[in-house]
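What follows is the residue order along each chain.
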Protein chains: 2
Amino acid sequence: MTRRGFVLPGSLVLLSIAACQSAGPVALSEADRAAIEATSQAFLTAARAADWTAVAATYTEDAVLMPPNAPAVAGRSAIQAFFESLPPVTQFDLTSLEIEGRDDLAYVRGTYEMTMSGAGGLPVVDSGKYLEIRRRQADGSWLLHRDVFNSDLALPEPCVAG
Amino acid sequence: MTRRGFVLPGSLVLLSIAACQSAGPVALSEADRAAIEATSQAFLTAARAADWTAVAATYTEDAVLMPPNAPAVAGRSAIQAFFESLPPVTQFDLTSLEIEGRDDLAYVRGTYEMTMSGAGGLPVVDSGKYLEIRRRQADGSWLLHRDVFNSDLALPEPCVAG
């Protein structure tokens, strides 16, 4: 009887198994990085246009936004409502400092600068930093899954009754 | 001549290669999760004891701490100096809500409650949320690599000159 099959030397079989088992971390591909940056750009463009539906679409359905001086906001529709409740944004910039990830999980760290219309229409300028957790979706896009930011500016001095 | 080696049916060889290539994301092991939680506990114990050297040792050498209302702090020694500059902490609690990761990269999300001694020794209570990026080290420990937090409490009202 003839047994049909490949004949692999034992050392090659062991090498193949070892290579597979010690493949190590799967770093982000160039396509992953491009898709992550595309979502950042979509967020920025939508936020500048005050298109909060499009901003919300850059988050996963079960995303959690963690804004400063407010409780965490869970879920895409609640995140959209949060952004809609903010004063008008007249200037907004993001600078990405770092993108790192493994497989379908990544983080993005960067800084922001923004100007909002405050009381009496006076501009309120803020600058700070952010950290996002991104998840790769079935279509290859990388949506925001966890998003936290805070200001670099010192707290206002508390009022002292006098 | 006898050729020494394993004989594998062709279909099994192809199956092995396919399984290796489509291995998919490598989720955290139970050991990874236990090590992540052990670092959280070490941080908490050290912070309660105001042992800022031990707190700093839970961060990677090139960690970045992103505290609210202050610029980012880069590097373990700068992080230690930052914690040493804070007012005395009289109560501190952490609650871990989520641990997720791939390979040697993970994130931890949770909430904190703390009381500090403010001006005149009056207690200042704060509660908020945090997001950490963790990296697995060669010894199997999972150190803090990026760490951002912010308060849930509303900003103090700005003083109005009158």
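Details of the structure are given in the entry above.
Remember, it's a predicted structure, so these values are computed and weren't measured experimentally.

Draft legend 1. Here's a closer look at the environment of Val-124 of chain A. In this structure, Val-124 of chain A sits in strand E6 (residues 123-136). Sequence-distant contacts of Val-124 of chain A, defined by excluding residues within four places in its chain, comprise Thr-115, Met-116 and Gly-118 of chain A.

Draft legend 2. Here's a closer look at helix H2 (residues 30-48) of chain A. Residues and elements named next belong to chain A. Taking 1.5 Å as the rise per residue, H2 with 19 residues should run 27 Å; its terminal C-alpha atoms sit 27 Å apart, in good agreement. Of all the positions in H2, only Asp-32, Ala-35, Ile-36, Thr-39, Phe-43 and Ala-47 are classed as buried. Buried residues of H2, viewed axially, fall in a sector of 110 degrees; they line one side. Turned more than 90 degrees away from the buried face of H2, the exposed residues are Glu-30, Ala-31, Ala-34 and Gln-41. Following H2 by one or two positions, Ala-50 adopts a phi angle in the positive range, close to 55 degrees.

Draft legend 3. Structural view of the sheet that holds strand E2 (residues 59-66) of chain B. Residues and elements named next belong to chain B. Pairing is mixed in the open sheet, where 6 strands are placed in the order E3-E2-E7-E6-E5-E4. The open sheet has two edge strands, strand E3 (73-74) and strand E4 (89-102), and neither has a second partner. In terms of strand pairing, E4 meets strand E5 (residues 105-117) through 12 bridges, oriented antiparallel. Paired with Phe-92 across the strands is Met-114, a residue of E5. Against the sheet, helix H2 (residues 30-48) touches E4, E5, strand E6 (123-136) and strand E7 (142-151), its axis set at about 165 degrees to E4. With respect to the sheet, helix H4 (residues 76-84) is in contact with E2 and E3, its orientation differing from that of E2 by roughly 50 degrees.

Reading guide: rules and limits
- Residues numbered from 1 in each chain as written.
- Chains lettered and ligands numbered in written order.
- Predicted model: local features only at pLDDT ≥ 70, side-chain atom pairs only at ≥ 80, totals over all residues.
- Helix = DSSP H or I, 4+ residues; strand = E, 2+ residues; numbered from the N terminus.
- Contact = placed C-beta atoms within 7 Å.
- Expected span 1.5 Å × (residues − 1).
- Buried ≥ 20, exposed ≤ 12 C-beta atoms within 10 Å, placed from the backbone.
- Arc of directions from axis to C-beta.
- Pairing = 2+ DSSP bridges.
- Axes fitted to C-alpha atoms, helices over the stretch in contact; angles between N-to-C directions.

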